Amino acid sequence: MRTQVGIVGAGPAGLMLSHLLHLHGIESVVLECRSREYVEHRVRAGVLEQGSVDLLRRTGIGERLQREGMRHEGIELRFDGESHRVPMTELTGRAITVYGQQEVVKDLIAARLAAGGSVLFEAEAVRLAGLDSQSPVIHFRRDGRDEQLHCDFVAGCDGFHGVSRGAVPDGVLRTYERTYPFAWLGVLAAAPPAVDELVYANHERGFALYSLRSPEISRLYLQVPPDEDIAAWPDERIWAELRTRLETVAGWSLNEGPVLEKSITPMRSFVVEPMQWERLFLAGDAVHIVPPTGAKGMNLALADVALLGDAFAAWYGQHRTDLLDGYSAAALRRVWRAQHFSWWMTSMLHRLEKDDPYEAKLRAATLRYVVTSPAYATSLAENYVGLPEV
Ligand SMILES: Cc1cc2nc3c(=O)[nH]c(=O)nc-3n(C[C@H](O)[C@H](O)[C@H](O)COP(=O)(O)OP(=O)(O)OC[C@H]3O[C@@H](n4cnc5c(N)ncnc54)[C@H](O)[C@@H]3O)c2cc1C
């Protein structure tokens, strides 16, 4: 099998890249180890920055997003029994849109298949070879058979646990990382949201986030210890803890309903540099992870491949190498801005297991500053909705 760009991974990064390449007349094949059913129902992120929405619309993927996505012009910060709205659109002129990652994935798969694109499900890349030659090869397994995909370039869009990053020789990549002493218990519930905008709550028992996926579905998160067992969280305990941390404002209560899904996600900051080696280009979670507090993961994945799509177009269309050569540096500028913002939001809103009273006072002072200083609120808002230029 041969193509121009071999893409490993059918998450937001790999699928969007394949779509962008198609629009530029460049062929690609996407290899995905999971089934179509699995990737279309994998519940993860749900906040799209304005730039991501613009990209999806500009490239013809925005029809259902336009209909079903929920535009939010602010977020709420809840602490000390008070509630404060950060009016993002008033401060920045931009907004976010709530639309589940699995919906973005569904829309992209539908567009690729309708255009005759090649997305091979249950095809696991096992080894990348010849990355420092003109014709790299992706060795993959499908239906119990070993197959090869020959290409001009490989795009490693296979997430944190993928195979691509590991194909770079030792000593080339530098890793920057931080793990946090807590995790998030995420809950999807069939309960009409009691809020119109996301509520970020800082409570002495830990952080909680109230968000939504549709007028019928709520998405809620609780800070839990990093090694927590999901079995320790029957639904009743989850709702009781959510009530304690979120019902801190007089007269307000959350809506409960059947829990459709629950899982625990570790919190990690992680960046690998550079995002390229020879003919391998890495994008999305394969090279960087942020704690989800800033809602940046999926947005960064889309921003990476927007750059990569233009870079491949310049290479194939005009024999230009400058954009491919500059890809890593350009992408990393946005990645590090998002790293800082995600770390900052996480530090401001979570409590530590063995809480240092000094740290707790700093968190309180930071929250108070955000809700009293227009300059500080604008800084939060412009990062949250996504900076057009970094
Ligand atoms: C459990 C979880 C919850 C999250 N929650 C949030 C959230 O609430 N808010 C937020 O902003 N962000 C969240 N994120 C982050 C966000 O979902 C990611 O940043 C986003 O998925 C990145 O997209 P991607 O395309 O780079 O990687 P992925 O979406 O991980 O896609 C990679 C794809 O590669 C495939 N793959 C892996 N290895 C191979 C292989 N060897 N061969 C072929 N295919 C392979 C995988 O199956 C997957 O489909 C969450 C992430 C996780 C893991």
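All figures in this text were calculated on a predicted structure; none of them were measured in a lab.

Novice: Can you lay out the packing of aromatic side chains for me, pointing to particular residues and giving the numbers?
Specialist: Tallying each qualifying case throughout the model produces 19 aromatic pairs. Consider the rings of Phe 153 and Trp 315, whose centres lie 4.9 Å apart with planes at 90°: the pair is edge-to-face. You can see Phe 153 sitting in strand β12 (residues 153–156) and its partner Trp 315 sitting in helix α8 (residues 297–318), a full 162 residues away along the chain. On the basis of relative accessible area, Phe 153 is assigned to the buried category, the value being 4%. We classify Trp 315 as partly exposed; its relative accessible area is 24%.

Novice: An account of the packing of helix α9 (residues 322–349) against helix α10 (residues 357–372) is needed here, citing residue identities and associated values.
Specialist: Look at α9 against α10: their axes get within 8 Å of each other, and the N-to-C directions meet at 115°. The pairing of α9 with α10 is recorded here as roughly perpendicular in orientation. Facing Trp 344, Ser 347, Met 348 and Leu 349 of α9, the residues of α10 in contact are Arg 363, Thr 366, Leu 367 and Val 370. Here the residues of the contact of α9 with α10 are counted per class, giving five nonpolar, two polar and one charged.

Novice: Go over the side chain of Gln 102 with me, naming the residues and quoting the values.
Specialist: Inspection of the secondary structure assignment puts Gln 102 in helix α6 (residues 101–114). A relative accessible area of 12% means that Gln 102 is categorised as buried. Dropping the residues within four chain positions of it, Gln 102 is found in contact with Glu 40, His 41, Arg 42, Val 43 and Arg 44.

Novice: For the site of the ligand, give the residues involved together with the corresponding values.
Specialist: Inspection of the region around the ligand gives 33 residues, with Glu 32, Arg 42, Gln 101, Tyr 221 and Asp 285 positioned closest. Here an oxygen atom of the ligand and a side-chain polar atom of Glu 32 are 2.6 Å apart. Within the side chain of Arg 42, a nitrogen or oxygen atom sits 2.6 Å from an oxygen atom of the ligand. Protein contact buries 86% of the 1,000 Å² of open area that the ligand shows by itself. Among the residues forming the shell around the ligand, the class breakdown is 17 nonpolar, eight polar and eight charged.

Quick notes on the rules
- Residues numbered from 1 in each chain as written.
- Predicted model: local features only at pLDDT ≥ 70, side-chain atom pairs only at ≥ 80, totals over all residues.
- Heavy atoms only, no water.
- Phe/Tyr/Trp six-rings, centres within 6.5 Å; stacked < 30°, edge-to-face > 60°.
- Helix = DSSP H or I, 4+ residues; strand = E, 2+ residues; numbered from the N terminus.
- Buried < 20%, exposed > 50% of the residue type's maximum accessible area, 1.4 Å probe, protein only.
- Axes fitted to C-alpha atoms, helices over the stretch in contact; angles between N-to-C directions.
- Parallel < 35°, antiparallel > 145°, perpendicular 65-115°, else oblique.
- Contact = heavy atoms within 4.5 Å.
- Nonpolar A, V, L, I, M, F, W, Y, C, P; charged D, E, K, R; others polar.
- Near = heavy atom within 4 Å.
- Polar contact = N/O pair within 3.5 Å; in protein donor to acceptor, adjacent residues only side chain to side chain.
- Areas by Shrake-Rupley, 256 points an atom, 1.4 Å probe, with all protein chains shown as cover.

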